[in-house]
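Descriptive structure summary
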2 protein chains.
Amino acid sequence: MKRPTIADIARRAGVSKGAVSYALNGLPGVSAATRQRIIAIAQEIGFNPNSAARALSGAAANAVGLTLCRPARTLGIEPFFMELISGVEAELSARSYALTLQVVADPEAEIAVFRRWWGERRVDGVFVCDLRVDDRRIPVLERLQLPAMVIGGPGHTGTLANVWCDDGAALVEAVEYLVALGHHRIARVGGLPGLLHTEIRTRAFTDLCARLGLSRAVTVPSDYTGEEGGRATRRLLSSPERPTAILYDNDVMAIAGLAVAQEMGLSVPADLSIVAWDDSALCQLVHPALTALGRDIPAYGANAARRLLAVVAGDPVDDFQDQTAHLTPRGSTGPPPRDT
Amino acid sequence: MKRPTIADIARRAGVSKGAVSYALNGLPGVSAATRQRIIAIAQEIGFNPNSAARALSGAAANAVGLTLCRPARTLGIEPFFMELISGVEAELSARSYALTLQVVADPEAEIAVFRRWWGERRVDGVFVCDLRVDDRRIPVLERLQLPAMVIGGPGHTGTLANVWCDDGAALVEAVEYLVALGHHRIARVGGLPGLLHTEIRTRAFTDLCARLGLSRAVTVPSDYTGEEGGRATRRLLSSPERPTAILYDNDVMAIAGLAVAQEMGLSVPADLSIVAWDDSALCQLVHPALTALGRDIPAYGANAARRLLAVVAGDPVDDFQDQTAHLTPRGSTGPPPRDT
DNA sequence: CTGAAAGCGCTTACAG
DNA sequence: CTGAAAGCGCTTACAG
């Protein structure tokens, strides 16, 4: 029992294959009656167009690609990507586009995957995640003329379109909130250096603290893992004039930081205030629940997907600024201890 | 500048397109010298076979599909799937197979996706996750003759091959450990009812507790989310004879349970012991770190992928039992309070 | 409005 | 060992 093709439909309907193609794709060239008859037959025999044949005839592959360059353990624990992916998916499946996923070991491997996908005509476009300050993927994608959507920015995207959000502004909101609570000794546990959004946040933090006269403000670079986040926290809390508030670049590190504080006998928020970036459900899983900078990540992904499809279609697409993350105060923040 | 095809290579090498195909695919029919020359040219001009053309010529699509049927927020926070996916990926990319992912709303939508993928010849096979007791996907896949690998079991997979692990045995290890510590009042916060592995664990728990004479043992059904897991914990800890130990069906619920205990002023493990299922990095992120039942999930995924490709290739594949999860004791378990 | 035909870029029998 | 050719299942000008 072979899979039905347009030839089968054409035979049944007594028309040519071309007519079937026109009818099924909603193109002019067939009468309304014929079209209806053809569609009915297609449904009856459970017809699905062979995607390979379609792609080969110059049409699109109807698939876009997403590469993830993080080690397995980190990926699993980082809610950001899965939330992003489900948003991307929602948009793609509404348009019958498939998502091809590949987990890679390093950015060079990512480039190789892009080349292969495009060479094989396996995808019509790709997403670029984890944008770096000097990102080697950008010029390669430009040269390949592979339609792409950068998730990150602003800037550093060459001629590629992107979606981004203002992390600097979000950081300011968080730090000003801590200052309003009375904190002077504020530290930050940063994400992986080299990633653009990490650098943007670091610069915003440094600038703001200088402006506010918070001379002890310091960023400890980390790598988004709980392990490193915990270690950075231990170091900060062991220093002679320990911070009274710590801002973390993701929620995983913030939770690890909370555990370290508890382990060291510090009470949160009485002795230490904690603010997380990325307000995933994790933040409300712990006690006290974490004050966090959050925004709608699935919506961000959906936006990126919609715009990538526009780029694929050849429509003009300009850079898009998504909503800025906003602060949700919860139990992990409060005034600093009296004697500070 | 068009993408190079085998015709370009054939022209350059002064051979037929057929010869190029044979040479590149390592098939007999060309001399070693010709083969080498052709391969060199292919590399030089950056040739990648068009995957659509290949698929259309009867070869495989070189892609397999994975559907995920969980809401966005749950997916993001549940490390299991990303770990599974990265294991699957590792195996697939080593064989140049792509992974096509789709997030769906419900099992019926999953079936529709399977039908479409197979009809479109977009995938050569699919994974089946979150196996249910009476899983409607199984008979559909059998009827479609779509190569599939069930991740779950044992049993309930019809004629489809599967990979599974003995959750009953793992549960016994965890409960016996708690009993050895002196616990009598042991409760369990279970995962989503209807999922096969949830049911297997529930039955194992009920049977074992009956055998051990733990008359107060109870399973509170939940849904794997932190929210529900916390709620179930609150209910258990508010009962007149509250449990001294709780076993959770995943780590997310266990962490939520830990937070509820802290919020209620109970000390872990002095007042309450906690055991998590799924030993993701989350378990070592909190304080105290969670005693957990863990196993190598990426390896599980890699195994499933290897075997799915075997099914696709038409090789005989029988059911495979993966390693049983083992218990890693950490700070969240200890003897029960004296007066119990 | 419809039919017949070429072509997408491969793979694979079939001759030489 | 190699070449010429058919065919996979669509799409899309091109005639009628």
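In the nomenclature of an unreviewed UniProt entry, chain A is known as LacI family DNA-binding transcriptional regulator of Polymorphospora lycopeni.

By domain assignment, chain A separates into domain 1 (6-49) and domain 2 (61-340). Its C-alpha centre places domain 1 of chain A at a distance of 48 Å from the equivalent point of domain 2 of chain A.

With that settled, consider the interface of chain B and chain A. Across the contact, 55 residues belong to chain B and 55 residues belong to chain A. Of the roughly 5,000 Å² buried between chain B and chain A, counting both surfaces, carbon and sulfur atoms make up 61%. Here chain B and chain A share 0 salt bridges between them. Across the contact surface, chain B and chain A share 13 residue pairs in polar contact (both at pLDDT 80 or more).

For the rest of this paragraph, the subject is the protein's contact with DNA strand C. Taken together, 24 residues form the shell around DNA strand C, and within it A:Gly29, A:Ser31, B:Ile6, B:Ser21 and B:Ser57 come nearest. Of what DNA strand C places within 4 Å of the protein, 57% of the atoms are sugar or phosphate. One of the side-chain nitrogen or oxygen atoms of A:Thr34 is found 3.3 Å away from a phosphate oxygen of DNA strand C. Contact between DNA strand C and B:Ala53: a base nitrogen at 3.3 Å from a main-chain N or O atom of the residue. Those elements that place two or more of their residues in the surface near DNA strand C are helix H2 (17-24) and helix H4 (51-56) of chain B. In terms of residues, the surface near DNA strand C owes the most to one element, H2(B), which gives 4 residues. Tallied by class, the residues present in the surface near DNA strand C amount to 9 nonpolar, 12 polar and 3 charged.

What counts, and at which threshold
- Residues numbered from 1 in each chain as written.
- Chains lettered and ligands numbered in written order.
- Predicted model: local features only at pLDDT ≥ 70, side-chain atom pairs only at ≥ 80, totals over all residues.
- Heavy atoms only, no water.
- Domains from an automatic or database assignment.
- Contact = heavy atoms within 4.5 Å.
- Buried area = accessible area lost by both parts, 1.4 Å probe.
- Salt bridge = Lys/Arg side-chain N within 4 Å of Asp/Glu carboxyl O.
- Polar contact = N/O pair within 3.5 Å; in protein donor to acceptor, adjacent residues only side chain to side chain.
- Near = heavy atom within 4 Å.
- Helix = DSSP H or I, 4+ residues; strand = E, 2+ residues; numbered from the N terminus.
- Nonpolar A, V, L, I, M, F, W, Y, C, P; charged D, E, K, R; others polar.

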